[in-house]
Amino acid sequence: FEETMSSCNVPTDLNRGAVSFLSKGEHSQCMEHLEGALVSFRNTLKQASDCGQRANTSMACTYRLRTRSLSPDAYASSSPIDIFNQAFVFEVEEYGDDESESMALCESYIVPVVLLYNMALCYHDRAIRTGGSPADLKLAHKFYQHALHLISDSNDETMGDFDELVLAAIACNMVHICASFY
């Protein structure tokens with residue numbers, strides 16, 4: 001992957017592929033793509049560090065965040081609490097004449113938060129589709145917690161609408177998991 005794409009696009013392109021697999025219920029391929037995206041993101045930060053460069057707090061690319069719904073049929077009777085069954089996808093944002101249409105540079109914590117959230121959603125989705133596997137639900141809960149910690153460790157001044165949406169999604173899905181154990 002790295003030979004054909006800039007390092008900035010690798011994690012987000014892999015994430016887009018992972019969400020596509022997730023929407024088809026192909027969990028193993030989704031997880032492979034998300035693991036590759038996390039490794040790629042880590043390597044990008046490590047390369048900047050190894051070169052003696054200060055790792056930027058912002059990605060070099062500008063993105064708009066979109067959600068993609070999963071099939072609602074699988075969630076019909078899983079719990080009395082609804083799940084936020086939407087994965088997050090980055091789309092390259094083209095600068096237009098209207099500056100308000102452009103999203104500011106993505107803070108570096110946003111990419112791994114999205115990857116961790118989508119990984120959690122993949123395990124969560126697989127558990128629901130296979131009858132509530134406790135092991136998958138526990139892994140989903142763990143990944144949601146990691147994403148939550150990254151957001152809570154971020155600078156409050158840089159938090160925006162995305163953070164509120166993903167916080168709500170994480171909270172909703174963690175409650176859904178907790179409710180499934182009772």
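In this text the structure is predicted, and so the values were computed from the model without any measurement.

About the thresholds
- Residues numbered from 1 in each chain as written.
- Predicted model: local features only at pLDDT ≥ 70, side-chain atom pairs only at ≥ 80, totals over all residues.
- Heavy atoms only, no water.
- Helix = DSSP H or I, 4+ residues; strand = E, 2+ residues; numbered from the N terminus.
- Buried < 20%, exposed > 50% of the residue type's maximum accessible area, 1.4 Å probe, protein only.
- Contact = heavy atoms within 4.5 Å.
- Areas by Shrake-Rupley, 256 points an atom, 1.4 Å probe, with all protein chains shown as cover.
- Core = buried A, V, L, I, M, F, W, Y, C linked by side-chain atoms within 4.5 Å.
- Phe/Tyr/Trp six-rings, centres within 6.5 Å; stacked < 30°, edge-to-face > 60°.
- Lys NZ or Arg CZ within 6 Å of the ring centre and 35° of its normal.
- Expected span 1.5 Å × (residues − 1).
- pLDDT = per-residue confidence, 0-100.
- Disulfide = S-S within 2.5 Å.

We now examine the overall build of the protein chain. The helix and strand inventory of the protein chain stands at 5 helices and 2 strands. Ordered by position in the sequence, the α and β elements of the protein chain form the string α-α-β-β-α-α-α. Looking at the protein chain as a whole, 40% of its 182 residues qualify as buried. Sequence separation of at least 24 residues holds for 73% of the intrachain contacts in the protein chain that already meet a minimum separation of 6. Of the roughly 9,700 Å² that the protein chain leaves accessible, carbon and sulfur atoms contribute 51%.

The subject of this paragraph is the nonpolar core. Of all hydrophobic cores here, the largest spans 44 residues; its most connected members are Tyr117, Leu121, Tyr144, Val166 and Ile170. Top contributing element to this core by residue count: helix α3 (residues 110-129), with 14 residues. Look past the residues within four positions of Ile170 in its chain and what remains in contact with it is Tyr117, Tyr144, Ala147, Leu148 and Ile151.

Turning our attention to the packing of aromatic side chains. Enumeration over the complete set of coordinates arrives at 4 aromatic pairs. Note on Phe84 and Phe88: the rings are 6.2 Å apart at their centroids and 25° apart in plane angle, and the pair reads as stacked. For the pair formed by Phe84 and Phe88, the shared burial category is buried. An aromatic cluster of three or more residues is present, and its members are Phe84, Phe88, Tyr117 and Tyr144. Note that Lys142 overlies the ring of Phe143, its terminal NZ or CZ placed 5.8 Å from the centroid.

Here α3 spans 28 Å end to end across 20 residues, near enough to the 28 Å set by a 1.5 Å rise per residue. Among the 20 residues in α3, 18 count as buried, and that is most of the element. One or two steps after α3, the chain reaches Gly131, where phi turns positive at roughly 95°.

Looking at the protein chain, pLDDT values average 76 and 65% of them are 70 or higher. At the level of individual helices and strands, the protein chain shows its lowest average pLDDT in strand β1 (residues 63-69), which scores 64, and its highest in helix α4 (residues 134-152), which scores 93. Taken together, the stretch residues 1-7 has pLDDT below 50 and engages in 7 contacts with residues farther than four places along the chain or on a different chain. Counting interchain partners and residues more than four positions distant, the pLDDT-below-50 stretch residues 95-105 has 17 contacts.

The full count for this structure, using the stated rule, is 0 disulfides. Left without a disulfide partner, Cys122 is nearest to the cysteine sulfur of Cys30, which lies 3.6 Å away.

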